[in-house]
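Chain and residue survey
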Amino acid sequence: MRWDNLQLIPERPDDALITKGAVVRTIDTPEFRGVTFYEIHARSIVNRVPGASRVPFEWTLNPYRGCTHACVYCFARNTHTYLDLDAGHDFDTKIIVKTNAVELLRRELAGPRWQGDPIAMGSNVDPYQRCEGRYRLMPGIIRALTDFANPFSILTKGTLILRDLDLLTEAARRTRVSTAMSIGTTHPAAWRATEPGTPSPRARLNAVAALNEAGVPCSVLMAPILPHLTDSPAQLEATVKEIAEAGATGVIPLVLHLRTGAREWWLDWLARDHPSLLPRYRELYGRGAYAPKAYQQRITAQVAELARKHGIRERAVRQTALPAQPPGAEQLGLFG
């Protein structure tokens, strides 16, 4: 489903990317109090990545839009504005669920034009956010990809991925499977303040260990590294050391980037919680969404040295830069 065309109420019936029969249900339980789920029938599920994105995959699959992880910095926030929802509270509490994702995936994988290219999941929002425990879309998605021996990767902050460990192990015997856990810091206060809906860093590290022990390769996306909050030499070393101890196959550092939507939400949070840092952030991000290259290169070099020190050798440490997207393109990234 392409965000630039998605409309909850289409102007014309043939404009809709949501088929007839879509249901809007408000969940009011202790587990999901205050969260609205829009259960939709999507018209497509595997999306081509715009060529200008320069990410290491061409196809993505996202069974959800919006995310109850509620990460303050999430790059994908602005995608909710394409639905006439806001990039702040609505992104955290109004979740689009593609209830026919498995059916669509099997149909698209069986199509004559599909060439079996790798599919990346978690490139927009987390497929293992909490509501996956309710909707259970991922087991069917993994089974479909396994049945077609189609390579895939999963990026997540959700320890719920371990529920599907047996399915992932079977898939890894049939095709190329890789996973990555997003862990920007192991500092408890920084985690609680900026990622309130996510499992703890310790729980995520335990999941990294469990995946690798089961034969499902799992690296760590060390993202985002937050300037003046989680980038001190001591904090970087503590995080890399714990990543190494968990047995991660590699570590990829990524400095915070602030696109439209995420930028405003992040700066509002910063003004409330760390007002003294606002001038520093205006200096760092005054020219755009990305911190200066010199700063990014310094952080990458520090993480690379720490990875060597603590024995992470299987994969090269690299910086992954995400350029701005052209107007109307699906917003892609490596965390959120």
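These lines cover the structure that appears in this document, whether it is placed above or below. Predicted model, so just to flag it, every value in this text is computed and none were measured.

A few words on the nonpolar core. Judged by nonpolar contacts, the single largest core of 82 residues is most densely connected at Leu105, Ile141, Phe152, Leu168, Trp266 and Tyr281. Contact partners of Leu105, with chain neighbours within four places excluded, come to Ile45, Val46, Leu61, Ile141, Ala144 and Leu145.

The strand order across the open sheet built from 7 strands is β3-β4-β7-β8-β9-β10-β11, with neighbouring strands paired in mixed fashion. Each of the sheet's edge strands pairs with one partner strand only, and the pair in question is β3 (46–48) and β11 (251–255). In this sheet, adjacent strand axes meet at a mean angle of 25° when their direction is disregarded. Across the face of the sheet, helix α7 (residues 201–213) comes into contact with β9 (177–182) and β10 (218–225) while running at roughly 165° to β9.

Bringing the pairing of strand β8 (residues 152–156) into the picture now. Of all 5 residues making up β8, 4 are buried, and the element is well covered by its neighbours. Taken together, the 3 bridges between strand β7 (residues 119–121) and β8 define a ladder with parallel strand orientation. Along β8, the bridge assignment pairs Ala120 with Ser153. As judged from the 5 bridges shared by β8 and β9, these two strands associate in the parallel manner. Counted as the bridge partner of Ile154 is Thr179 from β9. Regarding the hand of the β-α-β motif, the stretch spanning β8, helix α5 (residues 165–174) and β9 is right-handed.

Here we come to the packing of helix α2 (residues 101–109) against helix α4 (residues 138–147). As a packed pair, α2 and α4 sit with axes 9 Å apart at the nearest point and diverge in direction by 15°. Accordingly, the angle class assigned to the pair α2 and α4 is roughly parallel. The handedness of the crossing between α2 and α4 comes out as right-handed. In this structure, α2 contributes Ala101, Val102, Leu105, Arg106 and Leu109 to the contact, and α4 contributes Gly140, Ile141, Arg143, Ala144, Leu145 and Asp147. In the contact of α2 with α4, the residues fall into 7 nonpolar, 1 polar and 3 charged.

Definitions and limits used
- Residues numbered from 1 in each chain as written.
- Predicted model: local features only at pLDDT ≥ 70, side-chain atom pairs only at ≥ 80, totals over all residues.
- Heavy atoms only, no water.
- Core = buried A, V, L, I, M, F, W, Y, C linked by side-chain atoms within 4.5 Å.
- Buried < 20%, exposed > 50% of the residue type's maximum accessible area, 1.4 Å probe, protein only.
- Contact = heavy atoms within 4.5 Å.
- Pairing = 2+ DSSP bridges.
- Helix = DSSP H or I, 4+ residues; strand = E, 2+ residues; numbered from the N terminus.
- Axes fitted to C-alpha atoms, helices over the stretch in contact; angles between N-to-C directions.
- Right-handed = clockwise from strand over helix to strand, strands pointing away.
- Parallel < 35°, antiparallel > 145°, perpendicular 65-115°, else oblique.
- Left-handed = near helix turned anticlockwise from the far one by under 90°.
- Nonpolar A, V, L, I, M, F, W, Y, C, P; charged D, E, K, R; others polar.

In short, the description is geometric, and any link to function would need to be established separately.
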